[in-house]
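So you can see what is in the structure, the chains are spelled out below.
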Amino acid sequence: MKLLVTGGAGFIGSALIRYLIAETGYSVVNVDCLTYAGNLSTLQSVASDSRYAFEKVNICDAAALQSVFERHKPDAVMHLAAESHVDRSIDGPSAFIQTNVVGTYNLLEVSRRYRATLPEDQQQQFRFHHISTDEVYGSLGDEGLFTEETPYDPSSPYSSSKAASDHLVRAWHRTYGLPVLVTNCSNNYGPFQFPEKLIPLTITSALEGRPLPVYGTGQNVRDWLYVDDHARALIAVLERGTIGETYNIGGNSERQNIVVVRTICSLLDELVADSKNRPHEKLITFVTDRPGHDQRYAIDAAKIQRELGWKPLESFDSGLKKTVEWYLANREWCAKAVADRYAGERLGLKT
Ligand code: NAD
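Residues numbered from 1 in each chain as written. Predicted model: local features only at pLDDT ≥ 70, side-chain atom pairs only at ≥ 80, totals over all residues. Heavy atoms only, no water.

(A) A look at empty space enclosed by the protein. One pass over the structure, following the stated rule, counts one cavity of 30 Å³ or more. Considered as a void within the structure, the largest cavity measures approximately 50 Å³ in volume. Along its surface, the largest cavity is lined by V86, E135, S155, S156, R290, P291, G292, H293, D294 and Y297. Taken together, the residues that form the lining of the largest cavity break down as three nonpolar, four polar and three charged. (1 Å grid on protein atoms, 1.4 Å probe; cavity = no way out; pocket = protein on both sides within 12 Å on 5 of 7 lines; lining within 4 Å. Points joined across faces, edges and corners; volume = space filled by probe spheres on them. Nonpolar A, V, L, I, M, F, W, Y, C, P; charged D, E, K, R; others polar.)

Okay, structure coming up:
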């Protein structure tokens, strides 16, 4: 069985593809246009596998997408390609609308037309799995959890573009009968994440003795999921999810941002005992809050656990330690990933 994975050179997509090739029998065609966030070195371990192929294609290019479908004849699509960084969406929403909304529309249309050419039994088996975020639900107060029934209320250009794409995917199911699945997941962390997001940015900045910017008071709460747990959840939904349904995916690991940053600092104090930047906590700097910053995200993942038997295997403490150790062992990867792309500067201030 062949899966067409979009965004496979990104953080989650590459973890998914490494998992698919190492742990399952699927073949994978990775469709990625390699933006600043795409990095083929994340896929070095699978690059020469006969079950893996790469197509450098922008999902906004419908003709190129159609050619990929015709040549590779996928049995299912797992759609992860997106512009994914909230702060960048504040500075430049256009790319988010293009890729997340228009690109998703293209992929839906190409998938629908391609599926119509398949024999009946393959049409029945075809799946379009859209990978989305819990940020579409907006912000929670101190209490409560996002369920699959929570109304959409996105705050940022990023989350609103993902909300729009979720709606398109559901509409292509209801209107055209495309067999879709939607998953909305909380914040991921783990190896190979581009060092602009909170956890890798904090680790890489602390190692270099740079300030550790914490937005506002640092009391915003996120639920954290280790990226390999997300990969397992996505495969469970693809294989056993009910067509047309949405599944929330979360890690049962709510933490205030300031707690995450302090925990990373303590881990670095412990793991880099000879660092001249110890105690790393002294590098913490509170900075102007993100415009429209959601206060709290928290996921009720009971449905995927109940119906598909998935639950996270990694605890936040063990996953964070593994992640910090990975960044310590892969400083060269980080330096190359950001070279000429990102120097750690503050983004998303609405200038
Ligand atoms: P990422 O930014 O690390 O990777 C995105 C990938 O998509 C990159 O490889 C990039 O080159 C590719 N891409 C971007 N625009 C493209 C285009 N027009 N055509 C083809 N490829 C393109 O993102 P990620 O963190 O791996 O997130 C993957 C997906 O999961 C996204 O859809 C995101 O919304 C969703 N998600 C992310 C998180 C998280 O915490 N990172 C949480 C929930 C959901």
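(B) Geometry of a nonpolar patch on the surface. Together, I97, V102 and Y105 make up an exposed nonpolar region whose accessible area comes to about 230 Å². Within the secondary structure, I97 is located in helix α4 (residues 94-116). (Patch = residues over 30% accessible without salt bridge, like charges linked within 9 Å, V, L, I, M, F, W, Y side chains within 5 Å. Areas by Shrake-Rupley, 256 points an atom, 1.4 Å probe, with all protein chains shown as cover. Salt bridge = Lys/Arg side-chain N within 4 Å of Asp/Glu carboxyl O. Helix = DSSP H or I, 4+ residues; strand = E, 2+ residues; numbered from the N terminus.)

(C) Expanded view of the environment of R240. The topology assignment puts R240 in helix α8 (residues 227-240). Sequence separation between R240 and T35 is 205 residues, and the spatial gap between their C-alpha atoms is 32 Å. In terms of polar contacts, R240 uses its side chain to reach the backbone carbonyl oxygen of L308, at 2.6 Å. (Polar contact = N/O pair within 3.5 Å; in protein donor to acceptor, adjacent residues only side chain to side chain.)

(D) Up close: the sheet that holds strand β9 (residues 221-226). Taken together, the three strands give an open sheet; going across it, the order is β7-β9-β11, and neighbouring strands pair in mixed fashion. Where the open sheet ends on each side, the last strands, each with one partner, are β7 (187-189) and β11 (254-256). This sheet shows a mean twist of 50° between the axes of neighbouring strands, independent of strand direction. Relative to β11, β9 runs antiparallel, the two sharing three bridges. Bridging from a neighbouring strand, R222 pairs with R255 of β11. (Pairing = 2+ DSSP bridges. Axes fitted to C-alpha atoms, helices over the stretch in contact; angles between N-to-C directions.)

(E) Region of the structure containing helix α1 (residues 11-23). Over its 13 residues, α1 extends 18 Å from the first C-alpha to the last, a length consistent with the 18 Å expected when each residue adds 1.5 Å. Every buried residue belonging to α1 is among F11, G13, S14, A15, L16, I17, R18, L20 and I21, and all of these are buried. Contact partners of the buried residues in α1: β1 (2-6), β2 (27-31), β3 (52-55), β4 (76-79), β7 and α8. (Expected span 1.5 Å × (residues − 1). Buried < 20%, exposed > 50% of the residue type's maximum accessible area, 1.4 Å probe, protein only. Contact = heavy atoms within 4.5 Å.)

(F) The arrangement of the packing of α1 against α8 in detail. Look at α1 against α8: their axes get within 9 Å of each other, and the N-to-C directions meet at 65°. Between α1 and α8, the crossing angle belongs to the class labelled roughly perpendicular. Relative to α8, α1 is oriented so that their crossing is right-handed. Only V227, D228, H230, A231, R232, L234 and I235 of α8 make contact with α1, whose side of the interface consists of F11, I12, A15, L16, Y19 and L20. (Parallel < 35°, antiparallel > 145°, perpendicular 65-115°, else oblique. Left-handed = near helix turned anticlockwise from the far one by under 90°.)

(G) Region of interest: the sheet that holds β2. Ordered in space as β3-β2-β1-β4-β5-β6-β10, the seven strands form an open sheet in which the pairing is parallel. Taken across any chain shown, the strands that pair with only one partner, and hence form the sheet edges, are β3 and β10 (246-249). Shown here is a sheet whose adjacent strand axes are inclined to one another by a mean of 20°, direction ignored. Both β2 and β3 contribute to a ladder of four bridges, which runs parallel. Each residue of the ladder has a partner; that of N30, found in β3, is F54. Most of the contacts of α8 go to strand β5 (residues 127-133), to which it runs at about 145°, and overall it touches β1, β4, β5, β6 (180-185) and β10.

(H) Representation of the site of the ligand. Near the ligand lie 28 residues; those nearest to it are I12, D32, S84, Y158 and K162. With respect to the ligand, the backbone of I12 contributes an N or O atom lying 2.8 Å from an oxygen atom. A distance of 2.5 Å is found between an oxygen atom of the ligand and a side-chain nitrogen or oxygen belonging to D32. About the coverage of the ligand: the protein hides 96% of its 830 Å² of free accessible area. Contributions of two or more residues to the shell around the ligand are made by α1, β5, α6 (157-176) and β7. If one sorts the elements of the shell around the ligand by residue count, β5 sits on top with three residues. Class assignment for the residues of the shell around the ligand results in 14 nonpolar, twelve polar and two charged. (Near = heavy atom within 4 Å.)

(I) Representation of the pattern of salt bridges. Here the structure, examined in full by the defined rule, presents 16 salt bridges. With a closest N to O distance of 4.0 Å, R255 and D317 form a salt bridge. In this pair, R255 is assigned in strand β11 and D317 in helix α11 (residues 316-329), connecting sequence segments 62 residues apart. By relative accessible area, which is 52% here, D317 ends up exposed. Note that E332 and K336 form a salt bridge whose closest N and O atoms lie 3.4 Å from each other. Of this pair, E332 and K336 both sit in helix α12 (residues 331-338), four residues apart, roughly one helical turn. Pair check on accessibility: E332 and K336 agree, each one exposed.

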